[in-house]
Amino acid sequence: MWLFDEALPLWAQRGADRLHGGFHEMLDQEGKPTAAAKRARVQARQAYVFATAGLLGWHGPWQEAASRGMAYLQARYRRSSGLFRTLVSRDGTPLDDSVRLYDQAFVLLAMARLREAGFDGGAMETAARELRQGLAEFRHCAGGFRENSDRPFQANAQMHLLEASMAWEAVSGDSGWATMAEEIVGLALDRFIDRQRGCLLEVFDASWRPASGDLGRLTEPGHQFEWSWLLHRFGSRRRDPRALQAARRLRRAGLAGVDPARGVAIDEAWSDGSARQSTARLWPQTEWLKAAIHLGEIEGDWTSAEQAAEALQGYLATPICGLWRDRRLETGAMQEEPAPASSFYHIITACSELFRVALRCPAASASVAIRGRAVTSAAEMPLL
């Protein structure tokens, strides 16, 4: 009910920029847009959010909202190369013409979700294929892709490219998506994951070895969970025991980053499990929930999922229902700041997993409320 009756209507109305197009970057805790510039990733994520809402059965204006995000991306961010620039001003004037791998991954993910939701499949598939071809400029001679940043060899953007590839693989007959997904998973298993500790590192050198100094020891508990969720899905589809084993180890690595006092997954840790940055943003809680749900499906133990859901709910307690807090401080208090639109992608994906498992697994929940009514069978639930 929070998602369908509060959050989606609020962000479809107040989150939409009716003057300049696209979506606002964030809303303050009174539900008013801030003056922030607009990142490409946010437009793509919001298009994804509303297409997902349509697949879940929300009856609000999801088609108009999803189209808004994709149209704005094409009009204001797409460069002549077919790739998408990073940043525009509130009125759509380009501010940063550079191209980031991270942003391209989210454009691809949004296109896949719109394709799944029934938008012009041929046009989406053609655009996605052209964008995939454009990624050649990010190719790295040692395999994988390099990011256009001061840390070019990192796992994060490639994780989202894996997510997008898997999304396209599910809706397209183009074998190129499966090839890309398999390449990234291979790189993760061989290079990103520390074989001794079972955790996934963040920053590497040009040979995909851990970066020198502290950067090479950096981990993020949220990314342990997020990679675990992706590798579990990948391994389950392909019956790949190596990917499934890595997913289990990454879940354990993520749990080492859960602060028992506050009951939240922290932002950053060292590879030995000790805390580096003990603040706790919203998004690691959603990734904890997704990974914990898969654990519950395998082992029948829902304790971790219940803890993650409780952690996430703490961020959704706001004066205006449908907004969220983004950061819990070391003291346990929430930081007073606007709600970033970028978090909605994380929230709705976690909700999708939660709704799915609540209906498929009686041990997880006897029923779940959809659109204000009790739904008691998986057949009644629109599944992704």
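Given the structure is predicted, the values throughout are model-derived calculations rather than measurements.

Parameters and conventions
Residues numbered from 1 in each chain as written. Predicted model: local features only at pLDDT ≥ 70, side-chain atom pairs only at ≥ 80, totals over all residues. Heavy atoms only, no water. Pairing = 2+ DSSP bridges. Helix = DSSP H or I, 4+ residues; strand = E, 2+ residues; numbered from the N terminus. Axes fitted to C-alpha atoms, helices over the stretch in contact; angles between N-to-C directions. Parallel < 35°, antiparallel > 145°, perpendicular 65-115°, else oblique. Left-handed = near helix turned anticlockwise from the far one by under 90°. Contact = heavy atoms within 4.5 Å. Nonpolar A, V, L, I, M, F, W, Y, C, P; charged D, E, K, R; others polar. Phe/Tyr/Trp six-rings, centres within 6.5 Å; stacked < 30°, edge-to-face > 60°. Buried < 20%, exposed > 50% of the residue type's maximum accessible area, 1.4 Å probe, protein only. Lys NZ or Arg CZ within 6 Å of the ring centre and 35° of its normal.

Participant: Any chance you could explain the pairing of strand S3 (residues 85-88) here in plain terms?
Facilitator: Within a regular strand, side chains alternate between the sheet's two faces. Note that strand S2 (residues 38-39) and S3 share 2 bridges and pair antiparallel. Bridge pairing in S3 links arginine 39 to leucine 87. Bridge analysis of S3 against strand S4 (residues 94-99) gives 3 bridges, and the strand direction is antiparallel. Residue pairing across strands places leucine 87 opposite aspartate 96, the latter belonging to S4. Counting the residues between successive antiparallel strands, the hairpin from S3 to S4 contains 5 residues, one of them, glycine 92, with a positive phi of roughly 95°.

Participant: Help me understand the packing of helix H8 (residues 221-238) against helix H9 (residues 241-255) in this model?
Facilitator: How two helices sit against one another is set out by the angle between their axes and by the gap between those axes. Interaxial distance between H8 and H9 falls to 8 Å at its minimum, and their mutual angle equals 160°. As summarised for this structure, H8 and H9 are arranged roughly antiparallel, according to the angle between their axes. For H8 against H9, the interelement crossing comes out left-handed. Contacts between H8 and H9 involve Pro221, Gln224, Phe225, Trp227, Ser228, Leu231, His232, Phe234, Gly235 and Ser236 on the former and, on the latter, Ala243, Leu244, Ala246, Ala247, Leu250, Arg251, Ala253, Gly254 and Leu255. Taken together, the residues of the contact of H8 with H9 break down into 12 nonpolar, 6 polar and 1 charged.

Participant: Mind showing me how you'd approach the side chain of glutamate 125 here?
Facilitator: You can see glutamate 125 is positioned in helix H5 (residues 121-134). Discounting residues that sit within four places of it in the chain, glutamate 125 has contacts with Arg115, Trp168, Ser172, Gly173 and Asp174.

Participant: Whenever I open this one, the packing of aromatic side chains confuses me. Can you help?
Facilitator: Under the criterion given, the structure shown has 19 aromatic pairs. Judged by centre distance (6.3 Å) and plane angle (15°), the ring pair of phenylalanine 225 and tryptophan 288 falls under stacked. Taken together, the positions of phenylalanine 225 in helix H8 and tryptophan 288 in helix H10 (residues 282-299) put the pair 63 residues apart, joining distant regions of the chain. The pair phenylalanine 225 / tryptophan 288 is uniform in exposure class, with both members buried. An aromatic cluster is present here, built from Trp2, Trp11, Phe23, Phe50, Trp58, Trp324 and Phe344 joined pairwise through their rings. Positioned over the ring face of tryptophan 270 is arginine 217, at 4.2 Å from the centre of the ring.

In short, geometric facts, not functional conclusions.
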